[in-house]
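One letter stands for each residue in the lines below.
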Amino acid sequence: MSSFSAQILPLATTFFIALALTMVFTPAVQFFCRRRGLVALPSGSRWHKKETPIFGGVAILLGIVISLIPFNTMMWEPRFLGLLAGALIVFSVGLWDDIQSLGPVPKILGQIVAACIVVWSGVVFDFGDHRLLAILLTILWIVAVTNSFNLIDNMDGLCAGTACISGIVLIAWAFVISDPLVGLLSAALAGACLGFLRYNFSPASIFMGDCGSMLLGFSLSVASILITEKYLGNLVATLLVPVLVLGVPIFDSTFVSFTRYIRGQSIAKGGKDHASHRLVILGLSERRTVLLIYAFSLILGVTAFLYTYLNLSVLVVFSIVLLAGAVVFGLFLGDVKIEQSELPSVLAERKGDPPAVLLTNVFHKRSTVEMLLDLISICVAFYTATLLRYETHLTPERMQLFWQTLPVIIPIKLVTLYSFGLYRSMWRYLGIVDLIHIARAVTTASVFSVLAVLMLWRFEGFSRSVFVMDWLILLILAGGLRLLFRGLRETLPGIQKNSGRRILIVGAGDAGEMLVREMLNNSRLGYLPVGFIDDNPGKLGRRMFGVEVIGARSDLQRLILEERIEEVIIAIPSALDEGLSEYFARCAELGVPCRKTQSLI
């Protein structure tokens, strides 16, 4: 048997056994729960509307454990015994919490005990001689990831699907590093999650409960540590790779913890303020939200896997760019208001004074975060430009020159960007004029940086192409991050506007742009812009905020009938009423209201 077959056959066998067993056990658990009345009732902190069995984690555990029995030689390995013992403790704590709600302290205490058992069995981050730091970070990592998966179990199929993707990425890692323990464990996890997803994807007929989500989080956190034991001697990679593999639950738990702390709300209590809930509030369906988060999880997992093929420096650059994008995404989601029904409970839970004024001012002022993102962009741009210029010839002398130059260009560029007023703009309304302004600011900052290098070092040992590439990359990053925020704002509201009064807008000009922008941004108006009509043939087929110019004046009555238009709005403020009489007459014939913008704004 070839080496490839010898590795892939056990992984495939474990995966499909776990998949089949979980698909068999889940309906049995579901039947038992309904007979015993062990169901989750709809409540303010849950995202479902009917009674649903909640002990799906039992089926997941059985699928994982039984699928690993054929490989019983592995079960006597200390690392596996420690993992198994810790997983059973975490599962038991979660099961207890499902039956009789526990407070956060007993749950975390159980997770710490389980993490200590894993550390005692020999599973720990490799930080060289820093053994105490490694043990502490290992325990914190296991507890944090376990709770992160527990937190993202807030929507049908979200936790199971994300865990399945993470498991598949870990299978690929195990295959590359030839670690059968990680491979078989990840295959069992991925197979069990996929089998459970058959019943848990929207609309879910069963939930995994805390016993399931904590079991998956704990097991994946330990598996992510195990993959760092081989070929990852670098400290940065040891920390970076597991974070990327499990990036989605880590982002969500960090985002929720931060926003709740700022609002003075309990971090431990459930709620509808997670990233997934906010995406649904923005207009995505539950299924699309879950699929989008799956895509994010897959992108992060593939980025982590690239470490086996790319230089660590390139991986670090990719990771920093992803981090900056995650911050922008978090800022965007932070603008989404939570449901008004939750506000009284938030205020009731506020104890004592709100967070310190300084802390509130710092974190509520978006300009501070914008400046931090630009700081990251400046470092990434200069480092990437240096890396692209020298590639394999990046000698220690050139790196020393890079480290000497970076502290000089950072303040120069930040001060220049600040003096151009980049931190006074509103990203949500970013336009062409703003992009031109950003280009001017970045160009001026790059020129000042070159002048500083010329005065300090007379440009000796420096490459001109590095500064040219640095300017271009910084321009892309500074403009791209701001455009990302604007793009999210424009895309998601466009998805949610699938209901409302169907409006046809006459005039695809400035007034029409203002009108459709307000309709898309303000859901309270109850308007759905279907299309524009304009007599300029050059505009036919063009789009403005996703709304297409679908015809001219002669097509008015046909479009009203075909598109089921409920109201026509004329967005040509300069036109005289006499010249618009034809529109009013044709609309009157079909019994459709027709108004001019002056009567609205």
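Each value, and the rule that gives it
- Residues numbered from 1 in each chain as written.
- Predicted model: local features only at pLDDT ≥ 70, side-chain atom pairs only at ≥ 80, totals over all residues.
- Heavy atoms only, no water.
- Axes fitted to C-alpha atoms, helices over the stretch in contact; angles between N-to-C directions.
- Helix = DSSP H or I, 4+ residues; strand = E, 2+ residues; numbered from the N terminus.
- Parallel < 35°, antiparallel > 145°, perpendicular 65-115°, else oblique.
- Left-handed = near helix turned anticlockwise from the far one by under 90°.
- Contact = heavy atoms within 4.5 Å.
- Nonpolar A, V, L, I, M, F, W, Y, C, P; charged D, E, K, R; others polar.
- Disulfide = S-S within 2.5 Å.
- Buried < 20%, exposed > 50% of the residue type's maximum accessible area, 1.4 Å probe, protein only.
- Core = buried A, V, L, I, M, F, W, Y, C linked by side-chain atoms within 4.5 Å.

### Thoughts on the packing of helix 3 (residues 78–99) against helix 8 (residues 209–226)
Okay, step 1: Relative orientation of the contacting elements helix 3 and helix 8 amounts to 155°, with a least axis distance of 7 Å. The orientation of helix 3 with respect to helix 8, classified from their angle, is roughly antiparallel. In the packing of helix 3 onto helix 8, the handedness of the crossing is right-handed. Contact residues: helix 3 offers Arg79, Leu83, Gly86, Ala87, Val90, Phe91, Val93, Gly94, Leu95, Asp97 and Asp98, while helix 8 offers Gly209, Asp210, Cys211, Met214, Leu215, Phe218, Ser219, Val222 and Leu226.
Okay, step 2: A class-by-class count of the residues in the contact of helix 3 with helix 8 yields 12 nonpolar, four polar and four charged.

### Side note on the packing of helix 4 (residues 104–120) against helix 8
Okay, step 1: Close contact between helix 4 and helix 8 brings their axes to 12 Å; oriented N to C, the two are set at 30°. Along this stretch, helix 4 crosses helix 8, giving a crossing that reads as right-handed. The segment helix 4 lies against helix 8, with Lys107, Gln111, Ala114, Ala115 and Val118 engaging Asp210, Met214, Phe218 and Val222.
Okay, step 2: Class assignment of the residues belonging to the contact of helix 4 with helix 8 gives a composition of six nonpolar, one polar and two charged.

### Concerning the state of the cysteines
Such a bond, covalent and formed between the sulfur atoms of two cysteines, is termed a disulfide.
Okay, step 1: Counted according to the given criterion, the structure contains zero disulfides.
Okay, step 2: Not engaged in a disulfide, the cysteine Cys164 finds its nearest cysteine sulfur in Cys193; these two sulfurs lie 6.0 Å apart.
Okay, step 3: Cysteine Cys587 remains unbridged, with the sulfur of Cys594 as its closest cysteine sulfur at 4.0 Å.
Okay, step 4: Relative accessible area serves as the criterion here: at 0%, Cys587 is assigned to the buried category.

### A closer look at the nonpolar core
Okay, step 1: Counting 102 residues, the largest nonpolar core has Trp173 and Phe218 as the members making the most contacts within it.
Okay, step 2: Examining the composition of this core, we find that 13 residues originate from one element, helix 7 (residues 180–200), more than from any other.
Okay, step 3: Within the second largest apolar cluster, 31 residues are counted, among which are Ala381, Phe382, Ala441 and Val453.

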